[in-house]
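Chains, contacts and geometry: an overview
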Amino acid sequence: MDNATHADSSTAHQQEGPTPRAAVPEARSPEILLEVRHLIKDFGRFRAVDDISFVVPKGKIVGLLGPNGAGKTTTIHMLLGITTPTAGRITYFGREFVAHRQECLQRINYASSFNTLQGRISVWENLLVFARLYGLTNPGPRIRELAAYFEIIDLLPKRYWDLSAGQKTRVNLIKALLNEPELILMDEPTASLDPDIADKTLSLIEEARRALGVSILYTSHRMDEVNRICDEVIFLDRGRIVAHDTPLGLTKRIDAAQLKLTFDGERRVVEAFLVERGQRHGFPQPHVVSIDTTAAQIPALIFGLSERGVWITDIEVKKPTLEDVFLRIARGADDVG
Amino acid sequence: MMSGNRIGAVLLQELYITKRSLEVIMDLLVFSLMTVVVFGFITRFLVGAMNATAGSYLILGLLLWEIIRINQYSLSVGSLWNIWARNLSNLFIAPLSLTEYIVAHMLSGVLKTLVIFGVISAIAAYGFHFNILRLGPLNLALFFMNLTIFSWAVGLVVLGLIFLFGTRIQALAWGLIFLFQPLSATFFPVSILPPVLQSVAYALPPTFVFEAARQAYGAAASSGVNWSYAAAAAAENLIYFVLAVQAFALMVARSRRTGQFARNEG
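No experiment lies behind these values; they were computed from the predicted model shown. (Residues numbered from 1 in each chain as written. Chains lettered and ligands numbered in written order. Predicted model: local features only at pLDDT ≥ 70, side-chain atom pairs only at ≥ 80, totals over all residues.)

A short note on the overall build of chain B
- If you tally the helices and strands in chain B, you get 12 helices and zero strands.
- The C-alpha radius of gyration computed for chain B amounts to 19 Å, which stays within 12% of the reference 18 Å derived for 266 residues, consistent with globular compactness.
- Principal axes of the C-alpha set define a box for chain B whose edges measure 60 × 40 × 35 Å.
- Across the 266 residues of chain B, 48% fall into the buried class.
- In chain B, the share of contacts with a sequence separation of at least 24, taken over all contacts with a separation of at least 6, comes to 78%. (Helix = DSSP H or I, 4+ residues; strand = E, 2+ residues; numbered from the N terminus. Rg over C-alpha atoms; globule rule 2.2 N^0.38 Å. Buried ≥ 20, exposed ≤ 12 C-beta atoms within 10 Å, placed from the backbone. Contact = placed C-beta atoms within 7 Å.)

Structure below.
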């Protein structure tokens, strides 16, 4: 009836319940949990995802970043099997997803602010349904253990739709951890949260990673989050991967820096020197100059001004942030790829 | 291989939702109870005013029709609850196959139908002296089976259309089935229909069930099974069900290709 049915036979030899991690033979490197190769998705003439390839290694948090419409959610939907790719290959734990769908889904999970659980039924009932879907034979202790960990024990009897956005996010995270997944796909899990709750949620995700050793593919367009929790960042723009590096590595790709100097001396001397060197600058205050420059030129600028008798009393260097990288990509700059 | 655990999980969810949803209780139980009461009084009036047997065809048709309605409603609307709650994707990113999901909803529909059919049959018996058991247990079992399979076929097509086009066509989930009520001669003999519609009626499995039920109920003593009608209904059901499964599979595949399956909750 569906493309999953043929996968049933491949799991026929397995017992109900969470698949033992060692039971599935690894065809490729055991360090790679998810491998995506030349993934393409066309919606009619529109190409939403354009030939992307990447891997999620064991123990890592990989960020999938990009502006709205970059193809992040479509990619996640294909990785979850609810949208069919036009072309390409998805492999979990060394096994083809299309041929071993249920076996792979047993070992991964998903959390998103865009999906919710059944609002009319209680948190406990929702979690019980999902625990049974993942084959947990005695789910009560596992649910209580996670509920205690995320500090929502008192919410278990409450109806899901009576919870706040932050509480729902915690319940969604518990749902995502029920089957002890090796990999969780998270699609903007903090999108609907205020900064304080988002910060707490991120702490919970970091803690879950430390305590449970779970790997995460994390989509977001919040730079601070990505910078904080991701080991690697993949930048998507118009369906393509335009950059793939560590957060620090990405920011290093931007050579620009902003130098702010507080000085004791004549402003015209400073101005003449900067004009001579062709530096864009401004004076936000009479004795403060802000210079748009590059990291490599900063020592020469400071030294040059000192040589001309300008006494520098304070130096402030603003390095590019991940947000600067993001904005450059979103605005079409090609010097960060 | 299908997993009883996963089918049980979907049934558990169905139980929780049914208990907590006034809409489901109204649509299934209350609607059935009110209808059987109204039809019971109409039957009582007609039995007093005209042919007693013909009058009782109304309540007979109503009781059997509820088997179709509740089964089909349960299969189609059951999924809408998950779409409305933005929970359908969560189910399918668990290792639940679509086949397991559909089988669970079919079972859920049969259980609901058995309960409600039992209740309204009891009301018909004690409130309006209409004994459905007069049809005989074998007849009842065959009627139940044929009507259920037909409702599954319709339910699958409706569900496939919802997956394909989204919730903008969700009214079909509870409305489309009523198109078949006059065409399958639920409350009157097929001979009442114009010749063209009679041909259409005989292309629908429930027609044979309703005709056979009226024959069996009209017989003085408990009559046997009209095997030719039972076979005709079963054969047509087989064709409809196989076609419905194929159509459903194609619609789901297309829904996943176009991205509508994921967008249904957006």
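Here the narrative resumes, following the displayed structure.
Quick look at the interface of chain B and chain A
- Chain B puts 38 residues into the contact, and the matching count from chain A is 33 residues.
- For the side of chain B that touches chain A, the secondary-structure elements that each account for two or more residues are helix 1 (4–20), helix 4 (88–92), helix 5 (98–128), helix 11 (227–258) and helix 12 (260–263) of chain B.
- Considered class by class, the residues forming the side of chain B that touches chain A number 20 nonpolar, 12 polar and six charged. (Nonpolar A, V, L, I, M, F, W, Y, C, P; charged D, E, K, R; others polar.)

Quick word on the packing of helix 10 (residues 205–218) of chain B against helix 11 of chain B
Residue and element names in this part refer to chain B.
- Interaxial distance between helix 10 and helix 11 falls to 8 Å at its minimum, and their mutual angle equals 160°. Compared by their axis directions, helix 10 and helix 11 come out roughly antiparallel. Every pair of crossing elements has a handedness; the one defined by helix 10 and helix 11 is left-handed. Contacts from Pro205, Phe208, Val209, Glu211 and Ala212 of helix 10 reach helix 11 at Tyr229, Ala230, Ala232, Ala233, Glu236, Asn237 and Tyr240.
- Classifying every residue of the contact of helix 10 with helix 11 by side-chain character gives nine nonpolar, one polar and two charged. (Axes fitted to C-alpha atoms, helices over the stretch in contact; angles between N-to-C directions. Parallel < 35°, antiparallel > 145°, perpendicular 65-115°, else oblique. Left-handed = near helix turned anticlockwise from the far one by under 90°.)

Examining the packing of helix 4 (residues 123–133) of chain A against helix 1 of chain B
- Across the interface, helix 4 of chain A lies against helix 1 of chain B with an axial gap of 8 Å and an inter-helix angle of 165°. Relative to helix 1 of chain B, the element helix 4 of chain A lies roughly antiparallel. Pair helix 4 of chain A / helix 1 of chain B crosses with left-handed handedness. When helix 4 of chain A is examined against helix 1 of chain B, the residues Glu125(A), Leu128(A), Val129(A), Arg132(A) and Leu133(A) are found in contact with a partner set consisting of Asn5(B), Arg6(B), Gly8(B), Ala9(B), Leu12(B), Gln13(B) and Tyr16(B).
- Of the residues that constitute the contact of helix 4 of chain A with helix 1 of chain B, the class distribution is six nonpolar, three polar and three charged.

Regarding the pairing of strand 2 (residues 46–57) of chain A
Residues and elements named next belong to chain A.
- Here strand 1 (residues 32–43) pairs with strand 2 via nine bridges, running antiparallel. Within the sheet, the bridge partner assigned to Glu35 lies in strand 2 and is Val55.
- As consecutive antiparallel partners, strand 1 and strand 2 are separated by two residues, and within that stretch Gly44 has a phi angle of approximately 65°, a positive value. (Pairing = 2+ DSSP bridges.)

Considerations on helix 6 (residues 137–165) of chain B
All names here are of chain B.
- Between its terminal C-alpha atoms helix 6 stretches 41 Å, which fits the 42 Å expected from 29 residues at 1.5 Å a residue.
- The element helix 6 is extensively covered by neighbouring structure, given that 22 of its 29 residues are classed as buried.
- Two residues or fewer past helix 6, Gly166 is found with a positive phi of approximately 90°. (Expected span 1.5 Å × (residues − 1).)

Here we look at the sheet that holds strand 2 of chain A
All names here are of chain A.
- Read across the sheet, four strands follow the order 2-1-4-5 without closing on themselves; strand pairing throughout is antiparallel. The strands lining the two open edges of the sheet, one partner per strand, are strand 2 and strand 5 (95–96).
- Here strand 1 pairs with strand 4 (residues 87–92) via five bridges, running antiparallel. Looking at strand 4, one finds that Glu35 is bridged to Thr91.

These figures capture arrangement, not role.
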